[in-house]
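# Overview (structure and organization)
One letter stands for each residue in the lines below.
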Amino acid sequence: MNFLRGVMGGQPTGPQPTGAETIQKLCDRVASSTLLEDRRDAVRALKSLSKKYRVEVGNMAMDHLVRILQTDRSDTEILGYALDTLYNIVCNDEEEEPEENQQKQEDDLGAQFTDKFVQEPENVTLLLTLLEEFDFHVRWPGVKLLTALLKNQCPQVQGIILVSPMGVSRLMDLLADSREVIRNDGLLLLQQLTKGNAAIQKIVAFENAFERLLDIITEEGSSDGGIVVEDCLLLLLNLLKNNSSNQNFFKEGSYIQKMKPWFEVGDDNSGWSAQKVTNLHLMLQLVRVMVSPVNSPGATASCQKAMFQCGLLQQLCTILMATGVPADILTETINTVSEVIRGSEVNQDYFASVNAPSNPPRPAIVVLLMSMVNERQPFVLRCAVLYCFQCFLYKNHKGQGEIVATLLPSTIDANSISAGQLLCGGLFSADSLSNWCAAVALAHALQDNLTQKEQLLRVQLATSLGKPPVSLLQQCTNILSQGSRVQTKVGLLMLLCTWISNCPIAVMHFLHNQDNVPFLTGQISENLGEDERLVQGLCALLLGICIYYNDNSLENYTKEKLKQLIEKRIGKENFVEKLGFITKHELYSRAAQKPQPAFSTPEHMLFDHEFTKLVKELEGMITKAVLKSSEEEKKEEEVKKTLEQHDSIVTQYKELIREQDSQINELKEQVTLLASQNEKMQSTMTQQLSQIQQHKDQYNILKLKLGKDNQQTGNQAEAAHVNGLQPEELSQLREQLEELQKQNQLLQTQLGEKDSLITSLKAEGVPSAEGSTSEVTVLQREVELLKTQLQRQTAEITQLQSERQELLRGSDTTAAVPGENSLYTEKIAELESRLSAQTAENQKLKDEVKTLQESQESMEKDLASATSTAAIMQAEKSKLQQEVQESKKEQDDLLMLLADQDQKILSLKQRLKDLGETIEDEDDLDSKDQFDDDDDEEEEEECDE
């Protein structure tokens, strides 16, 4: 232990070993010591040296430390030392502020040792299992170590945790730890774990992370909370950003409604701490993540609807109009409200109704526009207001109409400031940024709205006293020609391009001014500097729109004349090249990425997102329109006319086909109806044909009777004719009687089988089948009743047979007696009716027998199930009896043990008495023995029961 004393601060004796030698000795002690205390001391010493000799400890001791984690799981102290040592090796110390090169070197060391540790995935899995230990000295350093590993090699460690069984679930348990330091470090760990990995983000979300994090935020005081709230919000942002599945889960779980209390800011907004500003900034970002324009339209719309219904939008508008709110929070709130209302008609209508708490009340839109055109306001705030105005007008034709209406002469109110007046004031102010913002805002009021483009042509402006008013369109071109700054020119050109595109009337108004086309051609043909090239490209775009959407209503500026003018003064190739300057500009691609205007400086504020879409749409079409010759245009017009004619023909054929389809459908319905009627008629006809055939057969029989009657002689023929009884009918009667006798015998045999089956069922019945026995009894009664009916029917059939024989004999002996013929005829008719009745009764009995057979089958199934139930109960009974016998045996054994114990107690008491010790009286002992005997007897009785 001398080297340990040297390390721990003992007096040196002789030459001192180097740090590497000491670490090597400690590693040998860790590897070779059999005593846990020695290994613990060695690991403690390595921990104390790990910061100063980070490289040596990392290279020589890492494998030994991992082995300690594997083998000494029972000792939490040595585990804590080993985990702290590994953390010191892989962690880059952030507390001090080293030089840049030193910091880079430490980062490389951390990454190097992390690579060495995670080369074996089992090491990370081992670390996850150690996190299940509740001991503070193991769990806390384990959390810190895993966080450091994720910081250094995030994707690799994420992959190992993802495939580890219950790996993410173990880490989620850290949020439920009652010790705040572990819970807070667990939040930092989950932040690193969820970075850029959608699969882990989904698992964490479905491990009830949203519920836990929102509860922690509420417990910590929401926006007034400390750094823990910030960590929770950062973790929520990791889980929701660019993850549509988690966003949908967050919305479906009604967590949006739980965000509303975050923004309940009091009236006193004077004391905003830096932490509160940070927390509220992150909360606003969280709202924006749910309604971001890059999300799918359906998901964004559903979140916007939920935010309006729960009152979150109203709460944000309250902050928007409150006083004393810090500038950065106000800016972020404006951006958040912008995306909550963007494209949502209900939310846009609500925002239009919001008024600022001023006297008199002013619409929130007007108040925001006043900030946008005020050059003293911060740049980021003005950009946010512009974005809010754009989102308010996005796909909102009603809002566009309301904004344009404030510029029209009939709606101008001299006593109040309107949005239109503010936009015009900003459009013609001396501040170029106000010019640009007002021009872009006004362009959004015209976006994809032909009606408002035409309405805006009515706007007249009074430039100075004594001069006639000029149109807004003309004033924009006048400012362009006066040599304004680049930002102002770009804003006005974007407004003009948006205004006249897809609006031939506006194109005609623009071309009606004789100075506009020469100005555009002059701008395009000049060789200007780098800054002016964008203006040349926009002028080319504006002139190209005048060509493409020209209706040739002005004789001096038809499509063909404008193209000839371009070819003479500019050149077609040069024109196309200047047109391409727009898309080649570096700020064009930046503006095309997302709708929000994000510019680092006011000078970079040149392009609008919606305008980039317009350029992309028009550039190719204008290029084709300019490069085409007049002959090609004529051919195209002819082709267009042909196509239009073809389309008209196709339309006519489509209408004809639709009519034919409707007629075919009607005819199909008629055919279906007629087919059903035909089927009914066919069935009716078949019945009638069968009846006719029966009548024919009866007629033939009568005809045969008449023929035979003619062949018979004298009185026999007359008697047979009177009787109506022919040999064919007698043979039919015989056959019917024989068939009835056979059926009677068959029924009797079936009844006999039923009786025997019922008897066997009674003999084999079990106690649990009482219901089945009662049903068998009912079945037996029905069979007996059926039996009596069959006996009665048999007697009637016998009687009929005897009467038939008598009739046959009577017909032979008394055929010559005319007076008795009518009597025989009546008897034969009566016999036939009784035979038909007996036949029907016989059929009824057959049906009853069939029903009884089905009942018998169901009874057999019930008896089988009852028999199996009885067998199961018998087996359970025998099992219970066996258990009772075993319990009795165990009770006897216990009684024997108790008797032995009593005997030992008595002997020990006797010894105590011999030694002179005082013991209890005999009466007490007898009473106790009596109580014991009574208890034993009660236990015996319970066991017997």
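Residues numbered from 1 in each chain as written. Predicted model: local features only at pLDDT ≥ 70, side-chain atom pairs only at ≥ 80, totals over all residues. Heavy atoms only, no water.

### Concerning the overall build of the chain
Secondary structure summary: the chain contains 41 helices and four strands in total. Burial analysis of the chain (945 residues in total) assigns 41% to the buried set. If you take every contact in the chain between residues at least 6 apart in sequence, the share linking residues at least 24 apart comes to 71%. Accessible surface, the chain: about 52,100 Å² in total, of which carbon and sulfur atoms supply 51%. (Helix = DSSP H or I, 4+ residues; strand = E, 2+ residues; numbered from the N terminus. Buried < 20%, exposed > 50% of the residue type's maximum accessible area, 1.4 Å probe, protein only. Contact = heavy atoms within 4.5 Å. Areas by Shrake-Rupley, 256 points an atom, 1.4 Å probe, with all protein chains shown as cover.)

### Some thoughts on the packing of helix α13 (residues 227-240) against helix α15 (residues 274-290)
Closest axis-to-axis distance for the α13/α15 pair is 10 Å, and the angle between their directions is 15°. On the basis of the axis angle, α13 is roughly parallel to α15. α13 and α15 meet at a crossing whose hand is left-handed. In this structure, α13 uses I227, V229, E230, L233, L234, L236, L237 and L240 to contact α15, whose residues at the interface are Q275, T278, N279, L282, M283, Q285, L286, V289 and M290. (Axes fitted to C-alpha atoms, helices over the stretch in contact; angles between N-to-C directions. Parallel < 35°, antiparallel > 145°, perpendicular 65-115°, else oblique. Left-handed = near helix turned anticlockwise from the far one by under 90°.)

### A closer look at the packing of aromatic side chains
The full count for this structure, using the stated rule, is 11 aromatic pairs. Where F136 meets W140, the ring centres are 5.4 Å apart and the plane angle is 25°; that geometry is what we call stacked. Of the two residues, F136 and W140 both sit in helix α8 (residues 136-152), four residues apart, roughly one turn of that helix. Plain terms: the ring middles of F206 and F249 are 4.6 Å apart, the flat faces sit at 35° to each other, and that makes the pair tilted. Of this pair, F206 sits in helix α12 (residues 198-219) while F249 sits in helix α14 (residues 244-252), and the two are 43 residues apart along the sequence. (Phe/Tyr/Trp six-rings, centres within 6.5 Å; stacked < 30°, edge-to-face > 60°.)

### Points about the nonpolar core
The biggest cluster of nonpolar side chains holds 208 residues, and the ones touching the most others in it are L146, L171, W262, F263, F351, W499 and L541. Broken down by element, the residue count for this core peaks at 12 residues, all from helix α21 (residues 379-393). (Core = buried A, V, L, I, M, F, W, Y, C linked by side-chain atoms within 4.5 Å.)

### Comments concerning the pattern of salt bridges
On inspection of all chains with the given rule, the structure shows 18 salt bridges. A salt bridge links D177 to R139, with the nearest nitrogen and oxygen atoms 2.7 Å apart. Taken as a pair, D177 in the loop between α10 (167-172) and α11 (180-193) and R139 in helix α8 lie far apart in primary sequence, 38 residues in all. Linking R382 and D431 is a salt bridge whose minimum nitrogen-to-oxygen distance equals 3.0 Å. Taken together, the residues R382 in helix α21 and D431 in the loop between α23 (419-427) and α24 (432-446) connect sequence positions 49 residues apart. A single salt-bridge network, built from bridges that share partners, covers R40, D41, R44, D75 and E77. (Salt bridge = Lys/Arg side-chain N within 4 Å of Asp/Glu carboxyl O.)

### Comments concerning helix α19 (residues 345-353)
Among all positions in α19, only N347, Q348 and F351 are buried. One side of α19 carries all its buried residues, which in axial view fall inside an arc of 100°. Close packing links the buried residues of α19 with α16 (297-309), α17 (312-321), α18 (327-341), α20 (364-372) and α21. (Arc of directions from axis to C-beta.)

### Considerations on helix α9 (residues 154-163)
If you check which residues of α9 are buried, you get C154, V157, Q158, I160 and I161. On an axial view of α9, the arc spanned by its buried residues comes to 165°, and they lie on one face. The exposed set on the far side of α9, more than 90 degrees from its buried face, consists of P155 and V163.

### Some remarks on the packing of α12 against α14
Taken N-terminus to C-terminus, the directions of α12 and α14 make an angle of 15°; their axes are 9 Å apart at the nearest point. The angle between α12 and α14 places the two elements in the roughly parallel class. Crossing hand, α12 versus α14: right-handed. Note on element contacts: α14 touches α12 through S245, N246, F249 and F250, opposite Q201, K202, A205, F206 and F210. For the contact of α12 with α14, the class distribution of residues is five nonpolar, three polar and one charged. (Nonpolar A, V, L, I, M, F, W, Y, C, P; charged D, E, K, R; others polar.)

### Digging into the side chain of S434
Structurally, S434 can be placed in helix α24. Looking at S434, the relative accessible area reads 1%, which means it is buried. Within polar-contact distance, the side chain of S434 engages the backbone oxygen of V373 at 3.2 Å. Side-chain polar atoms of S434 contact the side chain of R382, separated by 2.7 Å. Setting aside residues no more than four positions away along its own chain, S434 makes contact with M372, V373, R382, G426 and S429. (Polar contact = N/O pair within 3.5 Å; in protein donor to acceptor, adjacent residues only side chain to side chain.)

### So, a nonpolar patch on the surface
Together, I649, Y653, L656 and I657 make up an exposed nonpolar region whose accessible area comes to about 380 Å². Take L656: it is sitting in helix α36 (residues 630-711). (Patch = residues over 30% accessible without salt bridge, like charges linked within 9 Å, V, L, I, M, F, W, Y side chains within 5 Å.)

### A closer look at the environment of S429
Looking at where S429 falls in the secondary structure, it is placed in the loop between α23 and α24. For S429, a relative accessible area of 27% gives the class partly exposed. Residues S429 and T488, spaced 59 residues apart in sequence, show a C-alpha to C-alpha distance of 9.9 Å.

### Notes on a negative patch on the surface
A cluster of like negative charges, contributed by E883, E886, E890, D892 and D893, occupies part of the molecular surface. For E886, the location among the structural elements is in helix α40 (residues 821-914). We classify E886 as partly exposed; its relative accessible area is 45%. (Lys, Arg positive; Asp, Glu negative; His and termini not counted. Charge placed at Lys NZ, Arg CZ, Asp CG, Glu CD.)

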